[in-house]
Amino acid sequence: MRPTVSLSSFARSAAGCAGLLTALAGLAPGAMAQTLCNSDGAPAPRVLQERFLDADCTGCWSGAASGPTVPARTLTLDWIVPSATAANGAAMSAAALPEAQARLDALHRAAPSAVETLQASAPVGAARQGALRVARGAAVSDYVGVSIAWKPPRTATAPATAWLVLAEALPAGAEGSAVERLLVRGALTLRWQPKAGTALSESRSMRVPESADPSRLRMVGWVEDGSGRILAAAASVCRPT
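As a starting point, this report considers the structure included with it. In this text, all values refer to a predicted model and were calculated from it rather than measured experimentally.

Here the focus is the nonpolar core. Among the nonpolar cores identified, the biggest contains 23 residues, and Ile148, Trp150, Trp192 and Val223 are the most heavily contacted of them. Setting aside residues no more than four positions away along its own chain, Trp192 makes contact with Ile148, Trp150, Pro159, Ala160, Ala162, Leu200, Ser201, Glu202 and Val223. Counting 22 residues, the second largest nonpolar core, distinct from the first, contains Trp163, Ala167, Ala187 and Ala235.

A few words now on the pairing of strand S10 (residues 217-224). Along a regular strand, successive side chains alternate from one face of the sheet to the other. Counting buried positions along S10 yields 7 of 8 residues, so the element is predominantly enclosed. Taken together, the 8 bridges between strand S7 (residues 160-170) and S10 define a ladder with antiparallel strand orientation. Looking across to S10, one finds that Ala162 is bridged to Val223. When S10 meets strand S11 (residues 230-235), the two strands line up antiparallel, connected through 5 bridges. Across the sheet, residue Gly221 finds its bridge partner in S11, namely Ala234.

Among all positions of helix H3 (residues 98-107), only Glu99, Ala100, Arg103 and Leu104 are buried. Down the axis of H3, the buried side of the element spans an arc of 150°, and every buried residue falls inside it. Where H3 is buried, its residues meet strand S2 (47-54), strand S3 (74-81), strand S4 (118-123), S7, strand S8 (181-192) and S10. Positive backbone phi, at 60°, marks His108, one or two positions downstream of H3.

A separate point is the packing of aromatic side chains. By the definition in use, this model includes 4 aromatic pairs. Seen in terms of ring centroids, Phe52 and Trp79 are 6.0 Å apart; in terms of plane orientation they differ by 10°. Their pairing is stacked. Note that Phe52 is positioned in strand S2 and Trp79 in strand S3, a separation of 27 residues in sequence. Of the two residues, Phe52 and Trp79, both sit in the buried class.

What follows concerns the sheet that holds strand S9 (residues 200-207). In spatial order, the strands read S9-S6-S5-S1-S12; together these 5 strands make up an open sheet with antiparallel pairing. Each end of this open sheet is capped by a strand with a single partner; those strands are S9 and strand S12 (237-238).

Attention now moves to the pattern of salt bridges. Following the criterion strictly, the structure yields 9 salt bridges and no others. The partner of Glu202 in a salt bridge is Arg204, and the shortest N-O contact between them spans 2.8 Å. In this structure Glu202 comes out as partly exposed when scored by relative accessible area, which is 26%. Of the charged contacts in the structure, one is a salt bridge between Asp225 and Arg229, with a shortest N-O distance of 2.8 Å. By relative accessible area, which is 14% here, Asp225 ends up buried.

Turning next to unusual backbone geometry. Of note, Ser141 is a non-glycine position whose phi angle comes to about 50°, a positive value. Tracing the chain through its elements places Ser141 in the loop between strand S5 (131-140) and strand S6 (143-151). Even without glycine at this site, Glu175 takes up a positive phi of about 55°. Looking at Glu175, the relative accessible area reads 32%, which means it is partly exposed.

The rules we used
Residues numbered from 1 in each chain as written. Predicted model: local features only at pLDDT ≥ 70, side-chain atom pairs only at ≥ 80, totals over all residues. Heavy atoms only, no water. Core = buried A, V, L, I, M, F, W, Y, C linked by side-chain atoms within 4.5 Å. Buried < 20%, exposed > 50% of the residue type's maximum accessible area, 1.4 Å probe, protein only. Contact = heavy atoms within 4.5 Å. Helix = DSSP H or I, 4+ residues; strand = E, 2+ residues; numbered from the N terminus. Pairing = 2+ DSSP bridges. Arc of directions from axis to C-beta. Phe/Tyr/Trp six-rings, centres within 6.5 Å; stacked < 30°, edge-to-face > 60°. Salt bridge = Lys/Arg side-chain N within 4 Å of Asp/Glu carboxyl O.

Structure (C-alpha cells):
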C-alpha cells in the first residue's frame, strides 16, 4: 500500500506557495479553464456507499467485494481504518487514516473487525437540497489545491456539515485489490451555517503522497444535516485540458 495523506497547511517554499495559490485561484467556478478536475456537468450521486477496512485485513483488500447489488449512480468510497490490534504493525497501516475513525464516529458505527469489511450506505437528497461543487487543481510541491462550494436552498437555515475527500481511483488489480476502489487519501470537515440564498465555499490545500498518481486523484464531497442525512453530494471528473 502507498503512504497515507496527512492534512496540514502547506509551507514548503515560496515557489510552492505561489504555485499553489495560483492553483487555488483556478478552483473558482468562474475559472473552469484552469481547473483540472471538477464536478461540473457530472451526474450527482444518488447513493453514497462507504466501505471501511481494518488496516490489518489484507483479505478484505484483496478479496472481491461482497454485499447486495448497488443501485445506479452509487458512489463508493473505501476507507482504511487504523487497526486497534496491530497498530503500526498492520499490513496497511501506511494507508490508514485517523479521519476514517472520525467518519465512523460521525456515522455512529463501530470500527470494522480484522476479518471483514464494514459497509454503510445512505441516499443522497434530491436536487432541491442545493447545488454542490467540488474541484481540485494541479499538484504543486506535493500539495494540491481543493475546493467545495454549496448553494443551499433559500429555506436552509439549520447548521450543516460538509465533508471534502481526496481519493485515489484505483482500477481492479491495482495494489493487489480484486475490485476497483476509490481509496480515501485525506478528508476534512467543515461546519457551515447556511444563510438564505448565500453560497458557502472553502478552498484548502491537501498533501499528496509521494507515490500517488496525481492523474488518479478525485474529489468527493457531500453536505449533511444535523441528523447525518446527506443533503447533496458531488464527485469530480477529470478531463484533458
